[in-house]
Amino acid sequence: MSSENLPQSPEQPPRKPRVAVVFGGRSSEHGISVVTAGAVLRAIDRTKYDVLPIGITTDGRWALTADEPERMAIADRKMPSVSELADSVEGGVMLPLDPGNREVVYSEPGSVPKALGEVDVVFPMLHGPYGEDGTLQGLLELSGVPYVGSGVLASAVGQDKDYMKRVFSSFGLNVGPYLVIRPREWQQDEDGARRRIAEFAGEHGWPLFIKPARAGSSIGITKVDSFEGLDEAIAEAQHHDPKILIEALLRGREIECGVLEFEDGPRASVPAEIPPVQSHDYYDFDAKYIDSAPGIVPAPLTPEQTAEIQRLAVEAFEAASCEGLVRADFFLTEDGRFVINEINTMPGFTPISMYPQMWEKSGVSYPELVDRLIQAALTRSTGLR
């Protein structure tokens, strides 16, 4: 019998790329990460991708969670958590450490590990330390699994405001006056550290902003108007990070700009302005996420100012060797200069967050933005590049 007469097996449809959305984490921004992941899960095109939601609890356990984005929203001013979403209080998800194997395994105590199938790309919706700072990116590099966003170096630089400012300064970008107090300095000579802060205040004036060096979402930040509240502000910042930043007040407008990597390189979105929030002393955590202070998109700037901040945002992206996406935050000072405050390599990503809003006004919808980031990650290799 010729092979032509043999029964032919039906062709199997090609397997859809599988996206692991990883969220939660051990940082102070755990709840915001969950909210962000819920928005991304709602936006991912399920006809195009298979999705595997993986939550990381506040104590670092990788948990399998239900694909239920409606449960991942702020409710009654309360942030959601992975522990509320996890399928099990003990089960854990393990990524492969063999670059030739992308199969994810789930295990529970006393049970045989269960294979969950291969993962083609990870979308890490983590904010802050232990996720946005290069640690997860390093794990994924070891595993050989592609992922959305910047690599190890850019993620680490983007998380540490001290070294971020050093990098930007070395590339000629304007940064505001700041002072770093390292853990050893504070532990060994508190009085000496206070004298340095006093000298800084004498040079730049009050108020000062006391910040954790490696945190985001305005968590742990205190605005102090005199020495009276300084020690309490330092303790609050050190609760989130033993290394702290002291920054001088920059008088001007807060302007943000999104950067997205296209096939021909990074491009900048229309900028947005964060106006003063009357009910808040500054743009703090509650103003951003609980009370949803609205930004102005596009920012009311001259064409020349818009072109300048877009150029500077792309320069910041390139200076830190970023990939995928970045939100760059600036001050437009009273004397007309743009001073870069920071970048976020994984910015807030809910539909009402500034980064997606800026791209929406630039012609890239939220679902298209999510899809573009996944496609870019699928075509990018891990390792040195």
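In the block above lies the structure referred to throughout.
The sections below set out a description of the structure shown in this document.

Calculation criteria
- Residues numbered from 1 in each chain as written.
- Predicted model: local features only at pLDDT ≥ 70, side-chain atom pairs only at ≥ 80, totals over all residues.
- Heavy atoms only, no water.
- Salt bridge = Lys/Arg side-chain N within 4 Å of Asp/Glu carboxyl O.
- Helix = DSSP H or I, 4+ residues; strand = E, 2+ residues; numbered from the N terminus.
- Buried < 20%, exposed > 50% of the residue type's maximum accessible area, 1.4 Å probe, protein only.
- Polar contact = N/O pair within 3.5 Å; in protein donor to acceptor, adjacent residues only side chain to side chain.
- Pairing = 2+ DSSP bridges.
- Right-handed = clockwise from strand over helix to strand, strands pointing away.
- Axes fitted to C-alpha atoms, helices over the stretch in contact; angles between N-to-C directions.
- Contact = heavy atoms within 4.5 Å.
- Core = buried A, V, L, I, M, F, W, Y, C linked by side-chain atoms within 4.5 Å.
- 1 Å grid on protein atoms, 1.4 Å probe; cavity = no way out; pocket = protein on both sides within 12 Å on 5 of 7 lines; lining within 4 Å.
- Points joined across faces, edges and corners; volume = space filled by probe spheres on them.
- Nonpolar A, V, L, I, M, F, W, Y, C, P; charged D, E, K, R; others polar.
- Expected span 1.5 Å × (residues − 1).

Bringing the pattern of salt bridges into the picture now. Summed over all chains, the structure comprises 31 salt bridges. Across the pair Asp371 and Lys48 runs a salt bridge, and its minimum N-O distance is 3.0 Å. Of this pair, Asp371 sits in helix H12 (residues 366-379) while Lys48 sits in the loop between helix H1 (30-43) and strand E2 (50-56); the two residues are 323 residues apart in sequence, bridging distant segments of the chain. Since its relative accessible area comes to 22%, Asp371 is described here as partly exposed. In this structure, the salt-bridge partner of Arg385 is Glu323, at a minimum N-O distance of 2.8 Å.

Tracing the sequence through the fold places Ser83 in helix H2 (residues 82-85). Relative accessible area serves as the criterion here: at 54%, Ser83 is assigned to the exposed category. Separated by 160 residues in the primary sequence, Ser83 and Lys243 place their C-alpha atoms 29 Å from one another. Here the side chain of Ser83 touches Ser81 through a polar contact of 3.0 Å, side chain to side chain.

Right, let's get into the environment of Arg385. Here Arg385 is to be found in the segment after H12. A relative accessible area of 46% means that Arg385 is categorised as partly exposed. Between the C-alpha atom of Arg385 and that of Val175, which follows or precedes it by 210 residues, the distance is 29 Å. At a separation of 3.0 Å, a polar atom in the side chain of Arg385 contacts the side chain of Glu141.

Time to look at the pairing of E2. Counting buried residues in E2 gives six out of seven residues, a clear majority hidden from the surface. Here strand E1 (residues 18-24) runs beside E2; their pairing, made up of seven bridges, is parallel. Looking at the pairing, Ala20 lines up with Leu52 of E2. A crossover connection joins E1 to the parallel E2 through H1; in handedness this β-α-β unit is right-handed. Note: E2 against strand E3 (residues 62-64), three bridges, orientation antiparallel.

If you trace the four strands from one edge of the open sheet to the other, you get E8-E11-E9-E10, paired in antiparallel fashion. Whereas interior strands pair on both sides, the edge strands pair on one side only; in this sheet they are strand E8 (178-181) and strand E10 (222-224). Going across the sheet, the axis of each strand differs from the next one's by a mean of 25°, ignoring polarity. Where E8 lies against strand E11 (residues 244-248), four bridges are found, and the strand directions are antiparallel. Paired with Leu179 across the strands is Ile246, a residue of E11. Across the sheet, helix H7 (residues 190-204) is in contact with E8, strand E9 (208-212) and E11; its angle to E8 comes to roughly 175°.

With respect to the helices and strands, the residue Glu247 is situated in strand E11. Among the residues examined, Glu247 registers a relative accessible area of 7% and is labelled buried. At 3.1 Å, the side chain of Glu247 forms a polar contact with the side chain of Lys165. The contact partners of Glu247, leaving out residues within four places of it in the chain, are Lys165, Pro177, Tyr178, Phe200, Leu208, Phe209, Lys211 and Asn341.

Ranked by internal contacts, the top residues of the largest apolar core, which has 35 residues, are Val21, Phe23, Ile44, Phe123, Met125, Phe349 and Val370. When residues of this core are traced back to their parent elements, those giving at least two are E1, H1, H2, strand E7 (121-125), strand E12 (252-262), helix H11 (354-361) and H12. Dropping the residues within four chain positions of it, Phe349 is found in contact with Thr36, Ala39, Val40, Met125, Leu325, Tyr355, Pro356, Tyr366, Leu369, Val370 and Leu373. Listed in part, the 26 residues of the second largest apolar core include Val157, Leu301, Ala319 and Ile343.

Our next topic: the sheet that holds strand E5 (residues 103-107). Reading across the sheet, the three strands line up as E4-E5-E6 and stay open at both edges, with antiparallel pairing between neighbours. The strands lining the two open edges of the sheet, one partner per strand, are strand E4 (92-94) and strand E6 (114-118). The sheet shows a mean angle of 25° between the axes of neighbouring strands, taken without regard to direction. Of the strand pairs in this sheet, E4 and E5 are connected by three bridges, and their pairing is antiparallel.

Here the focus is the side chain of Thr333. Looking at the secondary structure, you find Thr333 in strand E15 (residues 325-333). The exposure class assigned to Thr333 is buried, which follows from its relative accessible area of 10%. For Thr333, the side chain forms a polar contact with the side chain of Asp335, separated by 2.3 Å. Those residues in contact with Thr333 that lie beyond four places of it in its chain are Arg251, Gly252 and Val339.

Here the second largest pocket defines a volume of roughly 200 Å³. Class assignment for the residues of the lining of the second largest pocket results in four nonpolar, two polar and three charged.

Moving on, we come to H7. Three or four residues apart is the spacing at which side chains of an α-helix point the same way, because the helix has 3.6 residues per turn. Along its 15 residues, H7 runs 21 Å from first to last C-alpha, staying within 8% of the 21 Å computed at 1.5 Å per residue. When we look at burial in H7, the residues that qualify are Gly192, Ala193, Ile197, Phe200 and Ala201. Among the structural elements, E8, helix H6 (183-188), E9, helix H8 (230-240) and E11 are those in contact with the buried residues of H7.

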